[in-house]
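# Structural overview
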Amino acid sequence: MNQISLTPQLKFSKIVHGYWRLAEWNLSNQELLKLIQQTQELGITTFDHADIYGNYSCEKLFGDALALKPSLRQNIQIVTKCGIKLATDKFPTRSINSYDYSYHHIISTVESSLNNFKTDYIDVLLLHRPSPFFNPEEVAKAFNELKQHGKVLNFGVSNFTPQQFEMLSSYVEMPLVTNQVEISPYCLEHFDNGNIDYFLNKRIKPMAWSPLAGGKLIKPTTEKEHRIVKTLKEIATELEVENIDTVIYAWLLAHPSQIIPVVGSRHIERIKNAMNALKITMSTEQWLKIYIASVGKNLP
Amino acid sequence: MNQISLTPQLKFSKIVHGYWRLAEWNLSNQELLKLIQQTQELGITTFDHADIYGNYSCEKLFGDALALKPSLRQNIQIVTKCGIKLATDKFPTRSINSYDYSYHHIISTVESSLNNFKTDYIDVLLLHRPSPFFNPEEVAKAFNELKQHGKVLNFGVSNFTPQQFEMLSSYVEMPLVTNQVEISPYCLEHFDNGNIDYFLNKRIKPMAWSPLAGGKLIKPTTEKEHRIVKTLKEIATELEVENIDTVIYAWLLAHPSQIIPVVGSRHIERIKNAMNALKITMSTEQWLKIYIASVGKNLP
Amino acid sequence: MNQISLTPQLKFSKIVHGYWRLAEWNLSNQELLKLIQQTQELGITTFDHADIYGNYSCEKLFGDALALKPSLRQNIQIVTKCGIKLATDKFPTRSINSYDYSYHHIISTVESSLNNFKTDYIDVLLLHRPSPFFNPEEVAKAFNELKQHGKVLNFGVSNFTPQQFEMLSSYVEMPLVTNQVEISPYCLEHFDNGNIDYFLNKRIKPMAWSPLAGGKLIKPTTEKEHRIVKTLKEIATELEVENIDTVIYAWLLAHPSQIIPVVGSRHIERIKNAMNALKITMSTEQWLKIYIASVGKNLP
C-alpha cells in the first residue's frame with residue numbers, strides 16, 4: 001500500500017505533492033486538473049499548500065482546477081498552512097513580513113482557504129513557522145472552533161522545535177498530527193536539533209519539505225553538494241536505479257521515523273522518480289554512507 | 001489591575017522594583033522609605049533583592065528603611081536570592097567567586113536575609129544561578145524546612161535552563177513559581193534556548209532582569225544597539241509615547257508568557273515610564289519589528 | 001562500602017575497570033587473571049567491554065582468563081556494548097565504519113559476546129553510540145528477547161543525548177540503567193548539553209569514559225591542559241594527595257549525579273590511585289576551581 005496513517009482516521013499517500021510553485025507553472029485549469037489526475041494515478045492523494053504560496057494565489061488555482069471535477073475532493077487530502085503575513089502588493093498596509101497566530105487571523109485565513117479551494121473542509125491545517133510572539137491560548141481557541149465547525153479536520157505545525165511542539169500540545173485538545181520540516185541528504189538540521197528523536201519518541205510522522213534541497217542535489221555546485229551527489233550516484237548504481245532523486249526519496253522513506261516527502265515538481269517524470277523509491281530497499285550501510293557524505297566526516 | 005498571579009496565593013505587581021544598585025544610591029533610611037512609598041503609590045508592591053547585592057549590604061539597607069514603617073511589610077512582596085559566594089573583603093577566606101547550594105548554605109543565607117530585612121518571612125527565595133555542582137536533594141531538604149518553618153513562602157530560580165528547572169522540580173515538593181532571566185529587546189537568549197517555550201508550556205511567569213539591557217538601549221553605541229533604538233523610537237512615535245523605555249517595558253509586558261520586568265532605577269520618573277507601559281497596547285507587528293531589529297535580519 | 005546501586009538488583013563497584021586497550025597489553029591468560037584478581041582485592045567488581053575493542057578481540061581475551069577460574073563470574077559484573085560495525089580485516093565486505101541497531105545485529109552480537117566471555121549472561125548491555133538511523137522498535141524487540149532468555153540482565157546506552165535516551169525509554173519495557181559518556185575535568189560537554197541535569201532528573205547514574213581525558217591531563221601540552229593540571233596540583237596539595245589522577249577521580253566521584261569512572265589502565269598502581277579517591281572529601285569550592293580551570297573563565 002502506498003498510504004501512511006497519521007492518526008487512525010487520517011491517511012496520507014506516502015509521497016505528497018507540493019504546490020509551492022504552482023503559480024509559476026502557468027497551467028490552465030484543465031492542464032492542472034490533468035496533472036492532479038496523473039499524480040493520483042501514480043498513487044498520490046495528498047496535496048500540500050499554504051495560504052501565501054504564489055503571493056496568495058496557489059490555493060485558488062488548485063481550487064479552480066478541482067471545481068472542474070468536484071468528485072475528486074473526497075479522494076484527496078488537502079494540507080494548507082497559516083500564520084505568515086507577507087508584505088506584498090496584495091497587502092499594501094503591511095510594512096514587513098511578519099507572523100500572526102491570533103485567533104482572528106487563523107480563523108479568517110482558514111475561511112479564505114476554504115473559499116480558494118471551494119471546499120467545506122481542510123484535511124490538515126499547519127502553523128507555518130514558529131513565532132517568538134505566540135499565544136497558545138488563542139491558537140487553541142481557534143483550533144477548537146475550526147474543529148467543532150468541521151472546517152479543519154486535523155492540525156499540525158511546520159518548522160517547530162520539539163520545545164515548541166511540546167508547548168503547543170499542552171494547550172490544544174487534539175493531537176498535532178505532523179511537523180513539516182526541511183529534511184534532505186543536504187539538510188540534516190533536524191537530526192542535530194533533537195527533532196528526529198522527538199518524532200520517534202512521540203510517534204509523529206514528519207513531512208519533509210525541500211527533499212531535493214531546492215535543486216542543490218540535482219545541480220551541485222559546492223564541494224559538499226558534489227560529495228553528496230557522488231555518493232548518491234554510487235548508491236544508485238548499487239540499487240540499479242536510474243535517477244539520484246529516486247535514491248534521495250528512498251533515503252527519506254527508509255528512515256524509521258517514517259518521513260513523508262513533499263515533492264515539488266510539476267513534471268510527472270520527476271514525480272514518478274519519487275514514487276519509484278517506494279519499491280526500493282536501502283541498506284542501513286547505504287543510508288549511513290549518504291549521511292556521512294553530507295556531514296563530510298566518518299561516524300565517531 | 002496592576003497585579004499578576006504567580007500562584008493562587010502569590011500576587012506580584014506587574015512591574016517589580018529591583019535593588020541591585022541600592023548601595024550606590026547613597027540614600028538615608030528616610031529617603032529610601034520615601035522611594036519605597038512613592039513606588040507603592042505607583043502600584044509597585046514587589047521588591048527584588050539578593051543576598052550579594054551591594055557586596056552583601058542592600059538587604060540590610062532595605063530592612064532599615066522598612067523598620068521605620070513596619071506596617072508596610074504586609075503589603076509588599078520581598079524576593080531575594082541565594083547561592084552565589086563572592087570572594088570579597090567580607091569573606092577574606094574565599095579565594096574565588098563560587099556557588100554553594102548545600103543545605104547549610106541555603107539555610108544560613110535565609111537566616112541572614114531575615115535578619116537584614118527584619119522580617120519573619122521571605123515571599124520568594126530564588127536560587128541565583130545554576131551550578132555545575134548542584135545537589136538537588138540538599139536543596140529540597142532546605143526548601144522543605146524553610147517552608148515548614150514559614151521562613152520562606154515560595155521558591156523559584158534564576159538563570160536556569162528548562163533542563164535545570166525540570167530537574168529541580170522533580171526533587172522539590174512545591175512548585176517553582178518563577179525563573180528570573182535576562183530578557184530585553186537586546187537580549188533574546190531565552191527565545192533561542194527554549195526557555196520562553198518552556199515558560200508557556202509550564203505556565204511559569206518569568207521575571208526579566210536587565211530589561212533595558214544595562215543601559216545599552218538608553219545610550220546605544222554598537223550598530224545593533226542603534227538599530228534597536230531606531231526601531232524603538234519609530235514605535236514610540238506610532239504609540240504616541242514619549243520615552244523608549246516605556247516602549248521596551250510594553251514590549252516585555254505584551255508577550256504571552258506574561259513577563260514581569262524588574263526595573264532597576266532609583267529615579268521615580270524612570271519607574272513611572274515603566275508603569276506607563278501598562279496602559280499601552282502594542283500590535284504583534286510592532287512587537288516583531290523590535291525583535292527583527294535586534295536579530296538584524298527578517299523573519300524566515 | 002565501595003558499591004553503588006544502579007537498580008535495586010544491580011550493584012557496580014564505584015570504580016569500574018575498562019578493557020578498551022586489553023589487546024595492547026599483551027598479557028597471558030594467567031597474567032590477566034592475576035590483574036583481575038588484584039583489582040578485585042582493591043574492591044573492583046565491574047568490568048567494561050565492547051564487542052569492537054581490540055578489533056573484536058578483547059572480550060575473548062577476558063573470557064579466556066575468566067575460564068581459568070570460573071568461580072569469579074558470580075562475583076563480577078560484565079558490561080559490554082554493541083552497535084558499531086568496524087570495517088576491519090575481520091569484516092572485509094564492510095566498506096565503512098557504520099552502526100547497526102537492527103534486531104538481528106543486536107541478537108547476533110550478544111550471542112558472540114556470550115561465546116567470547118564463556119558466560120551465560122551479560123550483566124549490562126549498552127548501545128555504543130546513537131545513530132541517525134535508529135529503529136527503536138527493533139531495539140525493543142531485541143532487548144525483550146534477550147531479557148526473557150536471561151542472556152542480558154540489564155540494558156543501557158552510551159554517548160546518548162537526553163532526547164535520545166528519552167526516545168528509546170519510550171519504546172523499551174525495562175529501565176535503561178545508565179548512559180556511559182565522556183566526563184573529565186577536560187571534557188565538560190555533558191555539563192553543557194543538558195545530560196548531567198537529565199541524569200539528576202531521572203536518577204540515572206552515568207558511567208564516565210576517559211576520566212583522564214585520554215592522558216591529556218597526565219601529559220599536558222595545550223594551555224588548557226596546563227591550566228587544569230596546575231589547579232589539580234594545587235588541590236592535590238590541599239588534600240594531601242600524591243597523584244593528580246586521584247584528584248581527578250575524586251572530582252568525578254564527588255559530583256551529586258554519582259558518576260562511575262571507568263579506569264582504563266593496566267597498571268595496578270594507577271588503579272590504586274583511582275580507588276584512593278573514594279577516601280577523599282573534596283569541597284564544593286575545590287570542585288568548582290577545577291571546573292573553572294577547564295572553562296578558562298570565572299563563573300558568571
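Residues numbered from 1 in each chain as written. Chains lettered and ligands numbered in written order. Predicted model: local features only at pLDDT ≥ 70, side-chain atom pairs only at ≥ 80, totals over all residues. Heavy atoms only, no water.

Chain A carries the name Aldo/keto reductase family oxidoreductase in an unreviewed UniProt entry, which gives Lutibacter aestuarii as its organism.

Moving on: the sheet that holds strand E3 (residues 16–18) of chain C. Residue and element names in this part refer to chain C. Taken in spatial order, the eight strands of this closed barrel run E3-E4-E5-E8-E9-E10-E11-E12, and their pairing is parallel. Pairs of neighbouring strands in the sheet enclose a mean axial angle of 30°, with direction left out of account. Strand direction decides the pairing type here: E3 and strand E12 (residues 260–263), joined by two bridges, are parallel. Paired with His-17 across the two strands is Val-263, which belongs to E12. Of the strands in this sheet, strand E5 (77–82), strand E8 (122–127) and strand E9 (152–158) are in contact with helix H4 (residues 103–117), which crosses E5 at around 140°. (Pairing = 2+ DSSP bridges. Helix = DSSP H or I, 4+ residues; strand = E, 2+ residues; numbered from the N terminus. Axes fitted to C-alpha atoms, helices over the stretch in contact; angles between N-to-C directions. Contact = heavy atoms within 4.5 Å.)

To continue, consider the relation of the copies chain B and chain A. Rotating chain B by 120° and moving it 0.1 Å along the rotation axis overlays it on chain A with an RMSD of 0.0 Å. Such values leave the two copies arranged in the relation of a three-fold axis. (Least-squares fit on C-alpha atoms with pLDDT ≥ 70 in both.)

Let us now look at the packing of helix H9 (residues 223–239) of chain A against helix H10 (residues 244–254) of chain A. Residue and element names in this part refer to chain A. Taken N-terminus to C-terminus, the directions of H9 and H10 make an angle of 90°; their axes are 9 Å apart at the nearest point. Regarding the angle of H9 to H10, the classification is roughly perpendicular. Along its contact with H9, which presents Val-229, Leu-232, Lys-233, Ile-235 and Ala-236, the element H10 presents Ile-244, Val-247 and Ile-248. Among the residues making up the contact of H9 with H10, the classes are represented as seven nonpolar, no polar and one charged. (Parallel < 35°, antiparallel > 145°, perpendicular 65-115°, else oblique. Nonpolar A, V, L, I, M, F, W, Y, C, P; charged D, E, K, R; others polar.)

Residue and element names in this part refer to chain C. Across its 14 residues, helix H1 (residues 29–42) extends 20 Å between first and last C-alpha, which sits within 8% of the 20 Å expected from 1.5 Å per residue. By the burial criterion, the buried members of H1 are Leu-32, Leu-33, Leu-35, Ile-36 and Thr-39. Down the axis, H1 shows its buried residues gathered within 160° of arc, on one side only. Looking at H1, the residues exposed on the side facing more than 90 degrees away from the buried face are Lys-34 and Glu-41. Contacts made by the buried residues of H1 are with E3, strand E4 (46–48), helix H3 (58–66) and helix H11 (268–276). One or two steps after H1, the chain reaches Gly-43, where phi turns positive at roughly 115°. (Expected span 1.5 Å × (residues − 1). Buried < 20%, exposed > 50% of the residue type's maximum accessible area, 1.4 Å probe, protein only. Arc of directions from axis to C-beta.)

Before going further, it helps to examine the pairing of E12(C). Residue and element names in this part refer to chain C. By the alternation rule, side chains of E12 split into Ile-260 and Val-262 and Pro-261 and Val-263, which are all buried. One ladder, built from two bridges, connects strand E11 (residues 207–209) with E12; its direction is parallel. Note on E12: the bridge partner recorded for Met-207 is Ile-260.

Turning to the interface of chain B and chain C, a few remarks are in order. The figure often quoted for interface size is the accessible area lost as the parts come together. Each side of the interface is counted separately: chain B has 20 residues, and chain C has 18 residues. Carbon and sulfur atoms make up 61% of the area that chain B and chain C hide from each other, which totals about 1,800 Å². Broken down residue by residue, the surface that chain B buries against chain C is led by B:Tyr99, B:Pro132 and B:Phe133, which jointly contribute 38%. Linking chain B with chain C are six residue pairs in polar contact (both at pLDDT 80 or more). Mapped by element, the contributors of at least two residues to the side of chain B that touches chain C are strand E7 (98–99) and helix H6 (162–169) of chain B. Counting residues per element, the side of chain B that touches chain C draws most heavily on H6(B), which supplies four residues. Of the residues that constitute the side of chain B that touches chain C, the class distribution is eight nonpolar, nine polar and three charged. (Buried area = accessible area lost by both parts, 1.4 Å probe. Polar contact = N/O pair within 3.5 Å; in protein donor to acceptor, adjacent residues only side chain to side chain.)

Let us now look at the interface of chain B and chain A. Listed as interface residues are 18 residues of chain B and, on the opposing side, 20 residues of chain A. Across the interface of chain B and chain A, roughly 1,800 Å² is buried in total on both sides, 61% from carbon and sulfur atoms. Seen at the junction of chain B and chain A, the total is zero salt bridges. Breaking the side of chain B that touches chain A down by element, the ones donating at least two residues are helix H8 (195–202) and helix H12 (284–295) of chain B. If you tally residues by element for the side of chain B that touches chain A, the top one is H12(B), at seven residues. Its residues assigned to classes, the side of chain B that touches chain A comprises ten nonpolar, four polar and four charged. (Salt bridge = Lys/Arg side-chain N within 4 Å of Asp/Glu carboxyl O.)

All names here are of chain A. Spatially, E3-E4-E5-E8-E9-E10-E11-E12 is the arrangement adopted by the eight strands of the closed barrel, whose pairing is parallel. Sheet twist, expressed as the mean angle between neighbouring strand axes with direction ignored, is 30°. Both strand E9 (residues 152–158) and strand E10 (residues 176–182) contribute to a ladder of three bridges, which runs parallel. Residue Ser-158 lies in a different strand from E10, and its bridge partner there is Gln-180.

Let us now look at the side chain of C:Asp51. All names here are of chain C. Position of Asp-51 relative to the elements: it lies in the loop between E4 and helix H2 (53–56). The charged side chain of Asp-51 is buried without a salt bridge, its nearest counter-charge being Arg-94 at 7.2 Å. Look past the residues within four positions of Asp-51 in its chain and what remains in contact with it is Tyr-56, Glu-59, Thr-80, Lys-81, Cys-82, Gly-83, Ile-84, Thr-109 and Ser-113. (Lys, Arg positive; Asp, Glu negative; His and termini not counted.)

Before going further, it helps to spend a moment on unusual backbone geometry. Backbone geometry at A:Gln258 places phi at a positive 60°, although glycine is not the residue there. Secondary-structure assignment places A:Gln258 in the loop between H10 and strand E12 (260–263). The phi torsion at C:Ala213 lies on the positive side, around 60°, for a residue other than glycine. Tracing the chain through its elements places C:Ala213 in the loop between E11 and helix H9 (223–239).

Moving on: the pattern of salt bridges. Summed over the entire model, instances satisfying the criterion amount to 31 salt bridges over all chains. If you follow the salt bridges from partner to partner, you end up with A:Lys60, A:Asp64 and A:Lys118 in one network.

Before going further, it helps to spend a moment on the pairing of strand E5 (residues 77–82) of chain B. Residues and elements named next belong to chain B. Taking burial as the measure, the six residues of E5 include six buried ones, the bulk of the element. Side chains Gln-77, Val-79 and Lys-81 project from E5 onto one buried face, and the interleaved Ile-78, Thr-80 and Cys-82 project onto a second face that is buried too. Pairing analysis gives three bridges linking strand E4 (residues 46–48) to E5, with the strands arranged parallel. Residue Thr-46 lies in a different strand from E5, and its bridge partner there is Gln-77. Bridge count for E5 against strand E8 (residues 122–127) is four bridges, and the pairing is parallel. Within E8, the residue paired with Cys-82 across the bridge is Leu-127.

The next thing to look at is the packing of helix H3 (residues 58–66) of chain A against helix H4 (residues 103–117) of chain A. All names here are of chain A. The interhelical angle for the contact between H3 and H4, taken along N-to-C directions, is 40°, at an axis separation of 6 Å. Taken together, H3 and H4 sit at an angle that is classed as oblique. Contact residues: H3 offers Glu-59, Lys-60, Phe-62, Gly-63 and Leu-66, while H4 offers Ser-113, Asn-116 and Phe-117.

Turning to the side chain of B:Ser158, a few remarks are in order. Positionally, B:Ser158 belongs in strand E9 (residues 152–158). Every residue in contact with B:Ser158, bar those within four places of it in the chain, is listed here: B:Leu127, B:His128, B:Arg129, B:Pro130, B:Asn179, B:Gln180 and B:Trp209.

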